[in-house]
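# Remarks on the overall topology
The residues making up each chain are set out below.
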Amino acid sequence: VRLDAPRISVPQKVLNAFDIVAVVPETDDAFRAACASPDVDLVSLACGARLPFAVARKDVEVAIKRGAAFEVSYSHAIAQPRSLRHLTATGLRLAALTNGGRGLVLSCGSSEAWRVRSPGDTAALAAMLGVRHTDGVVGASAARAVSAGAARKYN
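Residues numbered from 1 in each chain as written. Predicted model: local features only at pLDDT ≥ 70, side-chain atom pairs only at ≥ 80, totals over all residues. Heavy atoms only, no water.

For the rest of this paragraph, the subject is the overall build of the protein chain. Across its full length, the protein chain carries seven helices and five strands. Its helices and strands taken in sequence order, the protein chain reads β-α-β-α-β-α-β-α-α-β-α-α from the N to the C terminus. Against the 2.2 N^0.38 benchmark of 15 Å for 155 residues, the protein chain shows a C-alpha radius of gyration of 15 Å, consistent with a compact globule. Counting only C-alpha atoms and orienting by the principal axes, one finds that the protein chain spans roughly 40 × 30 × 30 Å. Going through the 155 residues of the protein chain one by one, you find that 45% of them count as buried. Within the protein chain, residue pairs in contact and separated by at least 24 positions form 71% of the contacts whose partners lie at least 6 positions apart. (Helix = DSSP H or I, 4+ residues; strand = E, 2+ residues; numbered from the N terminus. Rg over C-alpha atoms; globule rule 2.2 N^0.38 Å. Buried < 20%, exposed > 50% of the residue type's maximum accessible area, 1.4 Å probe, protein only. Contact = heavy atoms within 4.5 Å.)

Here it is as structure tokens:
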């Protein structure tokens, strides 16, 4: 779900139909709302360009405390190397704010197979971004987000 509204209201029908609810905030208010909403499991940040809002420590801490994760997509940096700086800036900021990458998910975010990288390559990218436990961004953080979504779905 692309989000530019200051509030998030996900219908119960949608919550019951999906194991995980991810949003792509497009404004500062939408980012703040996504971090605070109990209905959002994954806050996805498109890193192909500079983010149109600041990633605030307080918002990230609220999201992590309630079990949400942050997804950073690397496919733009592979397709257009100039966007690597945006990926790096966002990734470094999130790694610092999430205590070394806790709750950070790196994903390809592309429908084109040539952009997909192996778990080893993704872990190396995570290390470049300052993530201490690189295996977490490939599996553990994503699994935690799915578990949080499943717990919400069946409660």
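Moving on, there is more to tell.
This brings us to the confidence of the model for the protein chain. Low pLDDT marks regions whose predicted coordinates should not be analysed in detail. Overall, the prediction assigns the protein chain a mean pLDDT of 83, with 92% of residues at 70 or greater. By mean pLDDT, strand S1 (residues 2-3) is the weakest element of the protein chain at 55, and helix H3 (residues 57-65) is the strongest at 94. (pLDDT = per-residue confidence, 0-100.)

One can find Thr90 in helix H5 (residues 84-97). Residue Thr90 is classed as buried on the basis of its relative accessible area, which comes to 8%. Contacts of Thr90, omitting those with residues within four sequence positions, involve Leu45, Cys47 and Leu51.

In this model, the largest pocket occupies a volume close to 230 Å³. In this structure, the largest pocket is lined by Arg50, Leu51, Phe53, Ala54, Val55, Arg85, His86, Ala89, Thr90 and Arg93. Grouping the constituent residues of the lining of the largest pocket by class yields five nonpolar, two polar and three charged. (1 Å grid on protein atoms, 1.4 Å probe; cavity = no way out; pocket = protein on both sides within 12 Å on 5 of 7 lines; lining within 4 Å. Points joined across faces, edges and corners; volume = space filled by probe spheres on them. Nonpolar A, V, L, I, M, F, W, Y, C, P; charged D, E, K, R; others polar.)

Turning our attention to the state of the cysteines. Where two cysteines share a covalent bond between their sulfur atoms, that bond is called a disulfide. The full count for this structure, using the stated rule, is zero disulfides. There is no disulfide at Cys47, and the cysteine sulfur nearest it, in Cys108, is 13 Å away. A relative accessible area of 2% means that Cys47 is categorised as buried. (Disulfide = S-S within 2.5 Å.)

Let us now look at the pairing of strand S2 (residues 22-25). Here S2 runs beside strand S3 (residues 42-45); their pairing, made up of two bridges, is parallel. The partner of Val23 across the bridge, within S3, is Val43. Traced from S2 through helix H2 (residues 28-36) to S3, the parallel crossover comes out right-handed. (Pairing = 2+ DSSP bridges. Right-handed = clockwise from strand over helix to strand, strands pointing away.)

With that settled, consider unusual backbone geometry. Its identity as a non-glycine residue notwithstanding, Asn99 has a phi of 60°, on the positive side. Take Asn99: it is sitting in the loop between H5 and strand S5 (104-107).

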